[in-house]
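# Summary of the model geometry
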Amino acid sequence: QVTLKESGPGILQPSQTLSLTCSFSGFSLSTSGICVSWIRQPSGKGLEWLATICWEDSKGYNPSLKNRLTISKDTSNNQAFLKITSVDTADTAIYYCASLPGYNSGYYFDYWGQGVMVTVSS
Amino acid sequence: DIQMTQSPSFLSASVGDRVTINCKASQNINKYLDWYQQKLGEAPKLLIYNTNSLHTGIPSRFSGSGSGTDFTLTISSLQPEDVATYFCLQHNSGWTFGGGTKLELK
């Protein structure tokens, strides 16, 4: 059974760096083809893909945010991470992590975490 | 960047109705189109991947079709538990979501 769970600071101030952790079970990021992505959703709005990291450490970023994003992983502890620098109120959203079967089946988001709310406020 | 235009934005239907939701890509995305269901307060859930493949545990009343730039999600007989917002996602080049369709019961 695949499960993912996000964790984060809850609230932070403008200009700070947001650090998010995705802890997962039921799969390994050392397995060929597997990837994990981060997606966010401002309250009452649509979904925005942020970043993806795969088993062999390849990474992809949303071009509109690329300069502010860093994705990484800790394969031994079944975790993936996302950092967003210089946050402002527009970064207030629910942040989700999701797994991708990758070249095994396709690069779609098959399982999602419950999401973590992040509020940027002074 | 690939843009995804989803229609309608809002849909009201009765139990038992056949419901269709459309997604149009700004360029050819081959078969790489997926559909998600998001109920209020919950994370999105995968329904259909690669245009027409049903994800594990999803009822057979959900189906997908299309190719290239035009895609459709069909619910063959609407059930009360299908009330949700539905999103399409292209994964041919990066990942882009459609704007969503809010489905309610009439």
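### So, the overall build of chain A
Counting its secondary structure elements, chain A contains zero helices and 11 strands. For chain A, the sequential pattern of α-helices and β-strands runs β-β-β-β-β-β-β-β-β-β-β. A globule of 122 residues ought to have a C-alpha radius of gyration of about 14 Å, and chain A, at 14 Å, matches this closely. For chain A, the spread of C-alpha atoms along the three principal axes comes to 45 × 25 × 25 Å. The contacts of chain A with a sequence gap of at least 6 include a subset with a gap of at least 24, amounting to 53%. Accessible area for chain A stands at about 5500 Å²; split by element, carbon and sulfur atoms hold 47% of it. With 8 positive and 8 negative side-chain charges, chain A shows a separation of 4 Å between the mean positions of the two kinds.

### Quick notes on the sheet that holds strand β1 (residues 3-7) of chain A
All names here are of chain A. Reading across the sheet, the four strands line up as β1-β3-β8-β7 and stay open at both edges, with antiparallel pairing between neighbours. Each edge of the open sheet is held by one strand with a lone partner, namely β1 and β7 (69-74). Ignoring strand direction, the axes of neighbouring strands in this sheet form an average angle of 20°. Summarising the sheet, β1 and strand β3 (residues 18-25) pair through five bridges and their orientation is antiparallel. Counted as the bridge partner of lysine 5 is serine 23 from β3.

### Section: the pairing of β3 of chain A
Of the pairings in the sheet, the one linking β3 of chain A to strand β8 (residues 79-84) of chain A comprises six bridges and is antiparallel in character. Note on β8 of chain A: the bridge partner recorded for serine 19 of chain A is lysine 83 of chain A.

### Notes on a nonpolar patch on the surface
Taken together, the side chains of Val15, Val83 and Leu105 of chain B present a nonpolar region at the surface, about 210 Å² in accessible area. Examined against the element boundaries, valine 15 of chain B turns out to sit in the loop between β2 (10-13) and β3 (19-25).

### As for the sheet that holds strand β7 (residues 62-67) of chain B
Residues and elements named next belong to chain B. Read from one edge to the other, the open sheet built from four strands follows the order β1-β3-β8-β7, with strand pairing classed as antiparallel. With one partner strand each, in any of the chains shown, β1 (4-7) and β7 form the two edges of the open sheet. Shown here is a sheet whose adjacent strand axes are inclined to one another by a mean of 15°, direction ignored. Here β3 runs beside strand β8 (residues 70-75); their pairing, made up of six bridges, is antiparallel. Bridging across to β8, lysine 24 finds its partner in aspartate 70.

### A closer look at the packing of aromatic side chains
On inspection of all chains with the given rule, the structure shows 12 aromatic pairs over all chains. Relative to tyrosine 49 of chain B, the ring of tyrosine 108 of chain A has its centre 4.4 Å away and its plane inclined at 20°; by these criteria the two rings are stacked. Of this pair, tyrosine 108 of chain A sits in the loop between β9 (93-100) and β10 (111-112) while tyrosine 49 of chain B sits in strand β5 (residues 45-49), placing the two residues on different chains. The two residues tyrosine 108 of chain A and tyrosine 49 of chain B agree in class, both being buried. Counting every residue linked through ring pairs, the aromatic cluster contains Trp49, Tyr96, Phe109 and Trp112 of chain A together with Tyr36, Trp95 and Phe97 of chain B.

Here is what the cut-offs are and how they apply
- Residues numbered from 1 in each chain as written.
- Chains lettered and ligands numbered in written order.
- Predicted model: local features only at pLDDT ≥ 70, side-chain atom pairs only at ≥ 80, totals over all residues.
- Heavy atoms only, no water.
- Helix = DSSP H or I, 4+ residues; strand = E, 2+ residues; numbered from the N terminus.
- Rg over C-alpha atoms; globule rule 2.2 N^0.38 Å.
- Contact = heavy atoms within 4.5 Å.
- Areas by Shrake-Rupley, 256 points an atom, 1.4 Å probe, with all protein chains shown as cover.
- Lys, Arg positive; Asp, Glu negative; His and termini not counted.
- Charge placed at Lys NZ, Arg CZ, Asp CG, Glu CD.
- Pairing = 2+ DSSP bridges.
- Axes fitted to C-alpha atoms, helices over the stretch in contact; angles between N-to-C directions.
- Patch = residues over 30% accessible without salt bridge, like charges linked within 9 Å, V, L, I, M, F, W, Y side chains within 5 Å.
- Salt bridge = Lys/Arg side-chain N within 4 Å of Asp/Glu carboxyl O.
- Phe/Tyr/Trp six-rings, centres within 6.5 Å; stacked < 30°, edge-to-face > 60°.
- Buried < 20%, exposed > 50% of the residue type's maximum accessible area, 1.4 Å probe, protein only.

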